[in-house]
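Here is what each chain is made of, one letter per residue.
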There are 2 protein chains.
Amino acid sequence: MLPSALPGFRDFYPAECAERSHIFEAWREVARRFAFIEYDGPPLEPLDLYTKKSGDEIVGQLYTFEDRGGRHVALRPEMTPTLARMVAARANALRKPVRWFSIPQLFRYERQQRGRLREHFQLNLDILGEADVTADAELLAAALGIMSELGLTKDDVRARISDRRLLNGLLKLAGVSNEQLPLVYAVVDKLDREPREVLEQKLGAAGCSDLVVARIFEVLKHTDLDMLRSEFHGVAELRDDFSRLARYFEMLEALGVREWVVFDLSIVRGLAYYTGIVFELFDARGEFRAIAGGGRYDNLLAQLGGNEMPALGFGMGDVVLGELLRARNLMPPRAEALDYWVAGADGASETIVIRVATALRRRKLRVEYPLRAQKLPKQIKAAATAGAAKVLIIHDDRTATVRRLADGHEESVSLPDLLEASDDSPRDPWVFAVAR
Amino acid sequence: MLPSALPGFRDFYPAECAERSHIFEAWREVARRFAFIEYDGPPLEPLDLYTKKSGDEIVGQLYTFEDRGGRHVALRPEMTPTLARMVAARANALRKPVRWFSIPQLFRYERQQRGRLREHFQLNLDILGEADVTADAELLAAALGIMSELGLTKDDVRARISDRRLLNGLLKLAGVSNEQLPLVYAVVDKLDREPREVLEQKLGAAGCSDLVVARIFEVLKHTDLDMLRSEFHGVAELRDDFSRLARYFEMLEALGVREWVVFDLSIVRGLAYYTGIVFELFDARGEFRAIAGGGRYDNLLAQLGGNEMPALGFGMGDVVLGELLRARNLMPPRAEALDYWVAGADGASETIVIRVATALRRRKLRVEYPLRAQKLPKQIKAAATAGAAKVLIIHDDRTATVRRLADGHEESVSLPDLLEASDDSPRDPWVFAVAR
């Protein structure tokens, strides 16, 4: 009778909403621990905000329309243009570096595929105004801090990192011209997905000789920075890139995340976007799509029409992360939703039940009571279904029994103290030793 | 250069985002204390979901368009249709009463007026499946609980309540026919906004005699339930309505919120919507628009195409509430954003600064450090600007000074313990007595 949600859009029932909250809370907690502060922008923006960036493949996937005032508008497919706008509008007043995060819901009209959504939530965490590689290390440490916070370890998740500047230098040394670079990157990006022969053909068609093609594949094989460095020892053009990367890894060591990180030159990410170190988080078993991705995009803000400002950031969606947490049994079991269920025995008036529930809520406890008269066994069953930790069974205006549902432990308690207390500080009046 | 946000849409810079979080946290905290659980739905829905409800004035204000798949879609202007859909899809599996809340962002293309927004966030809190008036009292207590949680008192906020069933009965007694009722409600709804003569004319045009018109205004004057009850003592048709309301007020007393509530028969709210007790929260000085509004809507879910199910709920937006909190100085001052700023004196290496920052973050503290080499005074200034509670000045690999910025209190501390501790439990290693 009622229309379902649109394809690719999710209804969040309480169980799914609790999982989403679990992820959002970890995002917020770690972002704040790393001294990032939250901002947000509108989910509907002028279409112009997204079409400015030339070469963007997402424009064809936008939810876009004309509003009642004749404005061309779009549901936001990404957060960076909004960030660029907001920072540009107050660039002088903002403390640098800007360390901001946001949890926007983003929208793309993707071709319908099984499990592909048209909306998702994505943590966006960015540092603006700092060119030093310390910022790159700080950014990756924050992303990995979230993994730890959610219970994932370096055995579950890896960060693959690369450096666009070093790769540029290596490819030039291999004989790739500036004009060929974009095409070579496009090929690198498909390294895992297409057979080598197809990629070799594409490189050949772009004018790379067989020797150059062979060297390109040689370069991309590297996953050991130290070996690569000694191989290119003495190449002056690469010296700065190697020292920067060495410092980056030192910082990652000091940040306690070095062991999560693997060096992999074949990581490209967003062709038109990134200018320096880039990274991807993925599950170590390789079962899921990337968990997060990001890097340095020093030219992008200016390209978008914002400030000339070094910048870096990452996006981490809620969907793949949720799948991974569920697969690793790290979605928390349903928490006890209630501290108390207040039940009335036959001798208890409706009013005393409500007064006691109210006194407990004043102490910031989560409390439910039956909204209509019910027999006691039915109330206790309802308490269990609701996930209450304890039931308070009220006998009359003065006496009650507290029963802990986990083990049936019971104690008699007196009500007048609770009802007359003026103290509203958060505390459970009837905490008893936990029997294990 | 970059397009601004659309008219009526807000950019939330960190200061505004913190205010929004303050409101959201109070909403969530109190909703959970009252045993409500969170759900959410898509911000984009099939247009059908909103056009089903006949007589709805909002359809002309929808953000609506055709998506790339030819579907007619709309940005959600309200949450109830989504709620009706979600509950209908799982009606049998859900524990009754359903006590759910959500904090959707809602969208309406309103005629452009100063300060009128086209999006806002709105707490929606609903109880489905309970016809008893205890549910009505519980709902209002939750709304008022939020006011208390935010620091507002009964001197700041009042709840005006009315009862559509009692008002129906009184208007019939006054001589209003069933056919005239909708028009009379429309007039009642404008009681504060149009002169009495205009309203009298409208009632006359609807066929109400002068006597009936006079009686209508007589009825609407009542703000004392007991007086009203004794006036109509013995009228059998009203007996149930009066006892229900009396019980409602008893419950409100037990819930500790009776003193916030005034009885006011002239509250109408949503003509096609409500069937029982309705309420509005408004600021006691009458400076702002309504803070919240809601009531019982027993027929609505079925009208929408959902279940035949008694239901009640309220909506509370973030905009008026935010204005009121700011006007009453109840928006919290900017919290200390950071626990520690870790600064390096001349003898400290970059690495030791990062290692110490990392050790503090492992204890769940909020920590920033400079991402590039800076002189100490500049670092301490940056710490103050960032709102850090303390600066940890690192002298070398072993020694440091903690300085509390509020009063300049300093202590020398040793670093090796912190760096070697395997204990990651949340705790500040250098808490000193607060000097007041």
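Residues numbered from 1 in each chain as written. Chains lettered and ligands numbered in written order. Predicted model: local features only at pLDDT ≥ 70, side-chain atom pairs only at ≥ 80, totals over all residues. Heavy atoms only, no water.

Chemist: Help me get a handle on the interface of chain B and chain A, residues and values and all.
Modeler: Many analyses report the size of an interface as the accessible area lost when the parts associate. Counting residues at the interface gives 101 residues for chain B and 100 residues for chain A. Interface area for chain B against chain A, summed over the two sides, is near 8500 Å², with a carbon-plus-sulfur share of 58%. Of all residues in chain B, the largest losses of buried area upon contact with chain A belong to Leu2(B), Tyr13(B) and Leu371(B), amounting jointly to 10% of the total for that side. In this structure, the connection of chain B to chain A is made through 16 salt bridges. In this structure, Arg95(A) engages Glu368(B) in a salt bridge whose closest nitrogen and oxygen atoms are separated by 3.1 Å. Across the chain B-chain A interface, the total number found is 36 residue pairs in polar contact (both at pLDDT 80 or more). The leading source of residues in the side of chain B that touches chain A is helix α1 (residues 14–33) of chain B, at eight residues. Its residues placed into classes, the side of chain B that touches chain A shows 51 nonpolar, 16 polar and 34 charged. (Contact = heavy atoms within 4.5 Å. Buried area = accessible area lost by both parts, 1.4 Å probe. Salt bridge = Lys/Arg side-chain N within 4 Å of Asp/Glu carboxyl O. Polar contact = N/O pair within 3.5 Å; in protein donor to acceptor, adjacent residues only side chain to side chain. Helix = DSSP H or I, 4+ residues; strand = E, 2+ residues; numbered from the N terminus. Nonpolar A, V, L, I, M, F, W, Y, C, P; charged D, E, K, R; others polar.)

Chemist: Tell me about empty space enclosed by the protein, residues and numbers included.
Modeler: The probe, sized like a water molecule, is rolled over the atoms to show the empty space still left. All names here are of chain A. Tallied over the entire structure, the rule returns one cavity of 30 Å³ or more. When its volume is computed, the largest cavity comes out at roughly 30 Å³. Around the largest cavity sit Ala 131, Val 133, Asp 136, Arg 165, Arg 244, Ile 277 and Arg 296, which together line it. Of the residues belonging to the lining of the largest cavity, the class tally is three nonpolar, no polar and four charged. (1 Å grid on protein atoms, 1.4 Å probe; cavity = no way out; pocket = protein on both sides within 12 Å on 5 of 7 lines; lining within 4 Å. Points joined across faces, edges and corners; volume = space filled by probe spheres on them.)

Chemist: Quick one: what's the story with the domain arrangement of chain A, residue by residue and with numbers?
Modeler: You can read the domains of chain A as domain 1 (14–327) and domain 2 (338–431). Distance from the C-alpha centre of domain 1 of chain A to the C-alpha centre of domain 2 of chain A: 52 Å. (Domains from an automatic or database assignment.)

Chemist: Break down the relation of the copies chain B and chain A for me, citing the residues and quoting the values.
Modeler: Superposing chain B onto chain A takes a rotation of 180 degrees combined with a translation of 0.0 Å along the rotation axis, leaving an RMSD of 0.0 Å. One copy is carried onto the other by what is essentially a two-fold rotation axis. No C-alpha of chain B lies nearer the rotation axis than that of Phe65(B), which sits 3.2 Å from it. Mapped onto chain A, 99% of the interface residues of chain B again fall at the interface, so both copies present the same surface. (Least-squares fit on C-alpha atoms with pLDDT ≥ 70 in both.)

Chemist: Can you break down unusual backbone geometry residue by residue, with the values?
Modeler: All names here are of chain A. That bond from Lys 96 to Pro 97 is cis: its omega, -10 degrees, falls within 30 degrees of zero. Looking at the element boundaries, Pro 97 is found in the loop between α3 (80–89) and β5 (98–102). A positive phi angle, close to 70 degrees, is found at Ala 35, a residue other than glycine. Looking at the element boundaries, Ala 35 is found in the loop between α1 (14–33) and β1 (37–38). With a phi close to 55 degrees, Asn 329 is a non-glycine residue in the positive phi region. Looking at the element boundaries, Asn 329 is found in the loop between α12 (318–327) and β13 (338–344).

Chemist: I'd like to hear about helix α14 (residues 376–385) of chain B, residue by residue, with values.
Modeler: Residues and elements named next belong to chain B. Every buried residue of α14 is accounted for by Gln 379, Ile 380 and Ala 383. Buried residues of α14 fall within an arc of 95 degrees about the axis and therefore sit on the same side. Facing away from the buried side of α14 by more than 90 degrees, the exposed set consists of Pro 377, Lys 378 and Lys 381. Contacts from the buried residues of α14 go to β13 (338–344), β15 (388–394) and β16 (399–404). Gly 387 sits one or two positions beyond α14 and adopts a positive phi of about 75 degrees. (Buried < 20%, exposed > 50% of the residue type's maximum accessible area, 1.4 Å probe, protein only. Arc of directions from axis to C-beta.)

Chemist: I'd like to hear about the sheet that holds β16(B), residue by residue, with values.
Modeler: Residues and elements named next belong to chain B. The strand order β14-β13-β15-β16-β17 describes an open sheet built from five strands, whose pairing is mixed. A strand with exactly one partner marks an edge of an open sheet, and here the two such strands are β14 (367–368) and β17 (410–414). One ladder, built from five bridges, connects β15 with β16; its direction is antiparallel. Counted as the bridge partner of Val 391 is Arg 403 from β16. Against the sheet, helix α13 (residues 350–362) touches β13, β14 and β15, its axis set at about 165 degrees to β13. (Pairing = 2+ DSSP bridges. Axes fitted to C-alpha atoms, helices over the stretch in contact; angles between N-to-C directions.)

Chemist: Could you give an account of the sheet that holds strand β3 (residues 64–66) of chain A, naming the residues involved and the relevant values?
Modeler: Residue and element names in this part refer to chain A. Spatial ordering of the open sheet is given by β2-β4-β3, a layout of three strands whose pairing is antiparallel. The open sheet has two edge strands with one neighbour each: β2 (44–46) and β3. Ignoring strand direction, the axes of neighbouring strands in this sheet form an average angle of 35 degrees. Sheet topology note: the β3/strand β4 (residues 72–75) ladder contains three bridges and is antiparallel. The residue bridging Glu 66 from the neighbouring strand is His 72, located in β4.

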